[in-house]
Amino acid sequence: MRRDGKVFFVGGDLAVNETLETMFESFCMESTDLFHLSFGARDGFHRGEELARQIKKNFNVRLMGRLEYPASERIIERAYAAGVDILDISAPDAVPSLAGERGGAGQEFRAALLAAGQLFPRWSAASTLVVGPEPPVSVADAIDVLLNAGVMPLVALSVQAVHYPYEAVAAVFERLATGWERHHATVQPFLPLISLMTPLVPAETTGRLRGLINRIHDRHLLAASDLRRHLRVKSVNDSLDSAGL
């Protein structure tokens with residue numbers, strides 16, 4: 001558990017009560033724009049699920065969840081119902097198979113991303129690609145595949161990235177930025193994280209009025225996401241109740 005800038009990172013395997021107390025203390029000392037919850041191993045998902053539910057219940061801050069395996073549709077639905085606003089499904093070893101090759105982890109990864117894209121609001125399903133373990137050209141191609149599928153690509157650098165030419169690495173981030181713009185991707189919710197994990201620098205807004213408008217717009221996006229989830233989850237629960245389940 002740690003804070004970096006306006007992002008608060010928390011592990012899903014932590015004790016709920018103690019974690020919430022620490023988060024409250026940190027939240028009171030400094031504003032937070034994004035809570036980033038890593039669900040951890042597949043067999044420990046239920047612990048992160050409960051923590052996500054409590055975070056959403058106690059804080060009016062956007063919650064981003066991260067799954068590091070190609071999750072099943074049921075797991076994705078549970079993360080959404082627990083209050084996750086943005087879901088990052090990242091499996092670096094599947095990057096070469098994103099283009100649609102059949103079989104293996106890549107196909108499962110692609111299926112998980114498509115399922116998340118259908119359930120979560122537009123551009124709220126994401127995937128982090130890492131330059132280093134994968135060469136820049138593979139990451140650049142994967143960016144296009146994700147954008148075409150309506151999935152928000154994020155790019156991080158590992159220490160291994162130093163083995164590639166600077167120009168090749170820079171081209172990846174140029175591809176990323178132009179791809180966001182070309183597809184009209186909703187970047188605003190990701191800005192706190194983008195500032196930390198990439199060399200990209202968000203354009204500064206001019207004047208207090210513009211900053212206020214951007215914040216109001218961001219609050220509107222979050223409120224709309226919460227309402228959409230409430231209506232969707234309520235509809236499912238009502239259907240189960242009517243069926244006697």
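Residues numbered from 1 in each chain as written. Predicted model: local features only at pLDDT ≥ 70, side-chain atom pairs only at ≥ 80, totals over all residues. Heavy atoms only, no water.

**Re the packing of helix α5 (residues 136–148) against helix α6 (residues 166–182)**
The contact between α5 and α6 brings their axes to 9 Å, and the two run at 5 degrees. Between α5 and α6, the crossing angle belongs to the class labelled roughly parallel. In this structure, α5 uses Pro136, Val139, Ala140, Asp141, Ile143, Asp144 and Leu147 to contact α6, whose residues at the interface are Ala168, Val169, Val172, Arg175, Leu176, Gly179, Trp180 and Arg182. Each residue belonging to the contact of α5 with α6 can be placed in one class, and the counts come to 10 nonpolar, one polar and four charged. (Axes fitted to C-alpha atoms, helices over the stretch in contact; angles between N-to-C directions. Helix = DSSP H or I, 4+ residues; strand = E, 2+ residues; numbered from the N terminus. Parallel < 35°, antiparallel > 145°, perpendicular 65-115°, else oblique. Contact = heavy atoms within 4.5 Å. Nonpolar A, V, L, I, M, F, W, Y, C, P; charged D, E, K, R; others polar.)

**Regarding the side chain of Glu49**
Among the secondary structure elements, Glu49 is positioned in helix α2 (residues 45–58). Those residues in contact with Glu49 that lie beyond four places of it in its chain are Phe39, Arg78 and Ala82.

**Some words on the pattern of salt bridges**
In the structure shown here, the tally under the stated rule is 11 salt bridges. Residues Arg175 and Asp141 are paired through a salt bridge, measuring 3.5 Å at the closest nitrogen-oxygen approach. Note that Arg175 is positioned in helix α6 and Asp141 in helix α5, a separation of 34 residues in sequence. Several salt bridges share partner residues, and in doing so they unite Glu49, Glu50, Arg53 and Arg78 into one network. (Salt bridge = Lys/Arg side-chain N within 4 Å of Asp/Glu carboxyl O.)

**A short note on the environment of Ala112**
Relative to the helices and strands, Ala112 is located in helix α4 (residues 104–119). Taking C-alpha positions, Ala112 is 9.6 Å from Ile75, a pair spaced 37 residues apart along the chain. Beyond its immediate stretch of four places on either side in the chain, Ala112 contacts Pro70, Ala71, Ile76 and Ile89.

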